[in-house]
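# Overview (structure and organization)
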Amino acid sequence: MRNALFASALSASMLAACSTPGIKYEARIMPDNLDAAATRSVAVEPFSGPGGSWYTRQFETMLANTLFDGKPWFSLAAYTNPDPALRSGIYAGNIDVVDYSTWEDIRTVKKCVEWDGPFDCETRAEVEEICFHEEVRISVDPRLIEIGTGDILFSERYFGNASRSACEDLGLVGDSQKRKRKRARRASRAFYSDVSRDLVIDALSDTLGPIRRDIAPRNAVVKAKFMTDPLDPVVKADVRFEQAIEMSRQDPATSCALWDSLSVTYPNSPAVIYNNGACAEASQQFNVAQE
């Protein structure tokens, strides 16, 4: 049921589900790119584009902190002196701003305009404020080049998004429109310039997690989910079905025993078959689960 799993260690207590019924268990999950995972002696060349220096440092940190079964997966080395015992490669890439947009809106809000003291509002009034909005979408194209052959072992595109907003009072409703427009132009110039570095960095941060999952194995807690709809009124009328669902949150072992019992009574029930498969998955019986 999970073809991404190449091995699994069932947690000591088969952690119970807390939302969708099912069984949580500890798993060892393979990445999408096996060539990248097999290239464990790596170096990082500077990424080009906005935020490139920051991203290069973060990329190196991500590789250095990549653990599997509690041990470092990658060995960082200078590409001129790779570890001869490990397959070696160099990560590099490009960063581009895919889209950058700004917009403004004016709205009326009720605010305190006169205070008697802290937390003591004397007068509230309608105030016009202008809000400035900024949004950026970036792309990162990391690639892994094998040292010696020059082959590209890994190349993907990842996207990140970030936005920010800020509002400024224009004045009380009914104030001079000329003064409001002047203030709005001044505030707009102060807010918008080129794409801000902080905004780009926020967007770039979104890409590091997906890249790490694609290039190295990981330990994770996953869930074998149960079907909650029996699809058959006869099965639904059997109190054991609902009991098995409820027990998955408290006592997964008892829940699986109930599914096993239900499979004897209803051998052709899709929901019972599926939920028995979920129990098999959580106990590492992947061939049984697939069947």
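Just so it is clear, the structure is predicted and the values come from calculations on it, not from any experiment.

### What about the state of the cysteines?
One covalent bond between the sulfur atoms of two cysteine residues makes up a disulfide. Scanning all chains against the criterion turns up 3 disulfides. Between C131 and C167 runs a disulfide, and the two sulfur atoms are separated by 2.0 Å. Judged by the torsion about the S-S bond (105°), the C131/C167 disulfide is right-handed. In this pair, C131 sits in strand β8 (residues 120-146) while C167 sits in strand β10 (residues 158-172), placing the two residues 36 residues apart along the sequence. Each sulfur in the disulfide pair C256 and C279 lies 2.1 Å from the other. Handedness of the C256-C279 disulfide follows from its S-S torsion of about -95°: it is left-handed. Of this pair, C256 sits in helix α7 (residues 252-265) while C279 sits in helix α8 (residues 270-282), and the two are 23 residues apart along the sequence. Numbered in order of appearance, the disulfide-bonded cysteines of the protein are paired 1-2, 3-4, 5-6.

### Notes on the pairing of strand β9 (residues 152-155)
Where β8 and β9 come together, 3 bridges link them in antiparallel fashion. Residue pairing for β9: L144 is matched across the bridge by F154. Linking β8 back to β9 in an antiparallel pair, the connection comprises 5 residues, with G148 at a positive phi of about 105°.

### Notes on the side chain of S139
Mapped onto the fold, S139 is located in strand β8. Residue S139 is classed as buried on the basis of its relative accessible area of 1%. What S139 contacts, discounting residues up to four positions off in sequence, is N94, I95, D96, V98, R157, Y158 and F159.

### Focus on the side chain of D238
Tracing the sequence through the fold places D238 in the loop between α5 (233-237) and α6 (239-247). The class for D238 is buried, based on a relative accessible area of 12%. Looking at D238, its side chain comes within polar contact range of the side chain of Y266, at 2.8 Å. Once you skip the residues sitting within four places of it in the chain, D238 turns out to touch L262 and Y266.

### Considering the confidence of the model for the protein
Of the residues in the protein, 83% have a pLDDT of 70 or more, and the chain-wide mean is 83. Considering only residues more than four positions removed or in separate chains, one finds that residues 1-18, a stretch of pLDDT under 50, has 59 contacts.

### Here's the deal with the packing of aromatic side chains
What describes a pair of aromatic rings is the distance from one ring centre to the other and the angle between the planes of the rings. Taken as a whole and judged by the stated rule, the model has 9 aromatic pairs. Both rings, one in Y55 and one in F59, keep their centres 6.1 Å apart while their planes meet at 50°; by these two values the pair is tilted. Taken together, the residues Y55 and F59, both in helix α2 (residues 52-64) and 4 residues apart, mark about one turn of the helix. For the pair Y55 and F59, one class covers both residues: buried. Ring centres of F68 and W73 lie 5.7 Å apart, and the angle between their planes is 85°; on these two criteria the pair is classed as edge-to-face. Given the relative accessible area of 18%, W73 is considered buried. An aromatic cluster of three or more residues is present, and its members are F47, W54, Y55, F59, Y91 and F154. The ring of W73 carries R40 above its face, with NZ or CZ at 3.7 Å from the centroid.

Scoring rules and cut-offs
- Residues numbered from 1 in each chain as written.
- Predicted model: local features only at pLDDT ≥ 70, side-chain atom pairs only at ≥ 80, totals over all residues.
- Heavy atoms only, no water.
- Disulfide = S-S within 2.5 Å.
- Helix = DSSP H or I, 4+ residues; strand = E, 2+ residues; numbered from the N terminus.
- Pairing = 2+ DSSP bridges.
- Buried < 20%, exposed > 50% of the residue type's maximum accessible area, 1.4 Å probe, protein only.
- Contact = heavy atoms within 4.5 Å.
- Polar contact = N/O pair within 3.5 Å; in protein donor to acceptor, adjacent residues only side chain to side chain.
- pLDDT = per-residue confidence, 0-100.
- Phe/Tyr/Trp six-rings, centres within 6.5 Å; stacked < 30°, edge-to-face > 60°.
- Lys NZ or Arg CZ within 6 Å of the ring centre and 35° of its normal.

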